[in-house]
Every structure is written in structure tokens, then in C-alpha cells.
Amino acid sequence: MYIILNKILKVLKTLNYLLLFAFLTIQIFPQTYSDIDCGMTGFGESTVASQKGGKWMTARDTLKVLIVFVQFPDDAYDTTFTLWPTNPVSEIYPGPTFLKTYIDSTTSQMSTNGNLTHYFREMSVGQFTIIGKTRFVVTPHTYQYYLNNGWLRWNINMEVLQQLDATLDFAEFDKWKRYGEYDVRKESDGRVDDIFMIYRNVPNMSSLFFYGGESSLGYPQTGEPLEFFVDGGLRKIGSGHPAVSSSYPGMGTTSVMGGTIPYQVQVHEFSHHWMTDGQYYGHSGNGFWGMLSDWGCRLNSQGYCPPNSYERELIGWNAPDSIYQTTLGITLTDYVQTNRSVKIKVPGSNPNEFFRLEYHLKLSQFDNPEVHDPNAKGLYLIHQTGNTNPFSQLRLTPADGCWYWTADTIVHPPYYPSGLAVY
Ligand SMILES: [Zn+2]
């Protein structure tokens, strides 16, 4: 528990000071650990965060997805990667060791091992449950075959899913229907809701239209169908992301592991199903944390970072308290676990410019606000600039010389007789 009472007022008093210097401050990002090679390039979400929910897919209730781990039979990349050995043993490909733990298969499982279900349960404070069924597939052809014959990502994904169709009923993945943007209802509609295709490795990714991650199953390039049937014609799986073009009916992601388990890439690409439109692909900030942060994410040891308060507000998981000059008695608790944050409207004509306060007590295992110091905790101030440039829509405002704090009390403990400030 962290009571800031007077501190917020002091922040407000210094707001003009901050405004003067916010644009002059040199942004020094810390050493960073994650650059996401995301195929969705463009600008940040243009609208003000307004509790709209998921734009293309539900961000509430329960979603069951199909997760397919895919390997080429001639994959010779990083043969020492023990979490997903590549070579067959007695003619059987071992597949990923985390096949059964990557996501929960039921809502009652409630894993605490840092898998996808655990992450989204904590980040949504129980409002969104993602569960799934996982499969491991070795492609029918070699990588070299696909390359030689001009196959691209969509062709290969289609072939893998058609092969799975022989032994898999997709009905359990058809529980949601999109009526329009931000209008996704719990009904079956003859379309598979969401599929994660996760490749062990894809050499020369760009030649097959792969990226480190992209928020679709691929895009038809040479006359392939936009969608295809599974379950004997009962259900369809579509290509593309509808934000890219309304002709694309797809809802899925494709990512490439390349020797690590980059959970953040899968979180990131999936989040494009909540926060992406055709003009503004949803990347909103860099260098700190966020599901749609594109590079420099401050990841935990498993490769996750939490959503920032802008994202939580945008998809309807959080309604931050607004504070004004007259506000008294705000109490901030751990931002990540208790979903508490504050926003302060910046005076001026831009309706989307705010300061956001997040108190990171680091109670959550997914939170690592200072990658250099595992024990660091504190109050963070994010400047929502009001523009949609992905490099500056959200900025973590460094405290260096900008913040004006006054200690309420000075104590003189034996171990520090000269006095410590108490806030
Ligand atoms: Zn992206």
C-alpha cells in the first residue's frame, strides 16, 4: 500500500513545469531485451482510450484457441535448443517439451507457471480467460521444397491446418461471432475464432512472407483462396487480418521462435486482434512495457511484460481514476496485480493528452520495470502525448530533474543518522 495524498497535488503543482520540459527531456531508454519483429507496421491506435473492449476479438469471458507448434523436417537450426529438440528419435520428432504447459486446456486449471493463461488472467484481473488445445505438426514437405516451389506463409499454414482437420474437430474453437468492430458476441458462426501458428524456425523468413510475428495466418498472394473449409464444410478458416483489408476474414497469428520461447511475441500479435485498425496498427510506445510495444520491452525472465494503463483502458480491463487539482486522498496500490492507475488530463487543446501514474510494486512475476535492477519498485509516469506516432504516442517520463518531490517527514534511523526522507 502506498499513500501518495499530497504527492499527487505536488505533481499537479509541477505540471506546468513538466509540460515545459517534457518535450525537451532527452529520452534515455535503458538497455532493452526485446525487439519484436512484428509484421504489422503503422501507427498507434488513433482513438482515445475509452473502454471499448476488443476491436476484432473478445477481450472478456473465455476464448479457446488452437495452438499449433510447427517444425520443418529439415530444420537444423540450433540443435542444442533443449526445449524443442529438432531431430527425430527412433523416427519420431520429439516436438516442444512445453506442448502441454504452454496454455491451460480448461478454465479450472488455473496454472501459476507463467503460461499464456496465467499471464492473461493476471493482466486482465480475471476478466479474460484464454485456454487452448495444442498440437505439434511436422510439415509434409521440407522447408527447401516450399522455398523451391514458391509456397508462402498462407499456403504452408493452410496445408498444416488441413492435415490437422483429419483428426481434429474445430467446433470447440467456434464460440464467438464478430458482428462489427467492438461487437463480438458469444455465438458460433461457422468460423474458427483464433489460431496461433508457432514455428520452431523459418530460415530467411521474408522470402516466405514470415516475420518474427504477424497478426494473421498469412495473405493470399498468387490466387490462393481467402479462406478454406474444415470439419467437412461446417466451418471456415480465413486468411489475413480484417484491419488490413475488409476482404480478409482471418483471425490468427503466426510467429517464429528461433531458439527462444518469446511469449511476448505471441501476446503482441494476439493483441493486434484487440487494438488494431487499418490505418493505425496499434503500436503505441517503445522502451518500457506494453502488449503492443514494438521494441525495447522491459521483459521478465520468461519474456513477458505487462500491458500499460493506456492499453488496459483501451480494451476495457481498467478504468483509471482521473484526478484534478481538487482531488484529495488517492491511494495507489500495485498497478499490475491490483489494476489500479491514475490519469491526469494535461491542460490544453489535445483531448488525448494525459499523464498516467502506475505504481509498480513488482508483486506480479510478469512485472520487471527496471531490467537492470530486479529489486527496483516505484511510481512511474507515462506521458500519453496525444499523437499516434508509434515512437512517441506513449513515453515513459524519466524522473531525472523533472519531478518535484517534497518529503513530508525526515527520520533519522541509526543506520542513516543524517536523515532519510519519508513520503
Ligand atoms: Zn505489432
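The structure this text deals with has already been given above.
Residues numbered from 1 in each chain as written. Predicted model: local features only at pLDDT ≥ 70, side-chain atom pairs only at ≥ 80, totals over all residues.

Asks: Can you explain helix α5 (residues 153–165)? Please cite residues and give values.
Replies: Between its first and last C-alpha atoms α5 spans 18 Å; for 13 residues at 1.5 Å apiece the expected length is 18 Å, and the two agree. Regarding α5, the residues found buried are R153, W154, I156, N157, M158, V160 and L161. (Helix = DSSP H or I, 4+ residues; strand = E, 2+ residues; numbered from the N terminus. Expected span 1.5 Å × (residues − 1). Buried ≥ 20, exposed ≤ 12 C-beta atoms within 10 Å, placed from the backbone.)

Asks: Help me get a handle on helix α3 (residues 116–123), residues and values and all.
Replies: Burial analysis of α3 places eight of its eight residues in the buried class, the great majority of the element. Residues of α3 that are buried include every one of L116, T117, H118, Y119, F120, R121, E122 and M123, and no others. Along its buried surface, α3 packs onto β3 (128–138), α6 (263–271) and α8 (335–338). In the segment just after α3, V125 is the residue with positive phi, at about 40°. (Contact = placed C-beta atoms within 7 Å.)

Asks: With reference to specific residues and values, describe the nonpolar core.
Replies: Soluble, globular proteins show a tendency: their nonpolar side chains are buried together. Core analysis: the largest hydrophobic core is formed by 80 residues, its most contacted members being V68, I195 and I198. Once you skip the residues sitting within four places of it in the chain, I195 turns out to touch V65, L66, V68, L217, I237 and G252. (Core = buried A, V, L, I, M, F, W, Y, C linked by C-beta atoms within 7 Å.)

Asks: Which residues make up unusual backbone geometry, and what values go with them?
Replies: You will see that S90, though not glycine, has its phi angle at about 50°, which is positive. Tracing the chain through its elements places S90 in the loop between β2 (61–71) and α3. On the basis of neighbour count, S90 is assigned to the exposed category, with 4 C-beta atoms found within 10 Å. We note that D231 has phi near 55°; this positive angle belongs to a residue other than glycine.

Asks: Before we move on, can you summarise the pairing of strand β14 (residues 354–360) with the specific residues and values?
Replies: The element β14 is extensively covered by neighbouring structure, given that seven of its seven residues are classed as buried. In β14, alternate side chains face the same way, and those of F354, R356, E358 and H360 on one face and F355, L357 and Y359 on the other are all buried. Bridge analysis of β14 against strand β15 (residues 378–384) gives seven bridges, and the strand direction is antiparallel. By the bridge assignment, Y359 is partnered in β15 with L379. (Pairing = 2+ DSSP bridges.)

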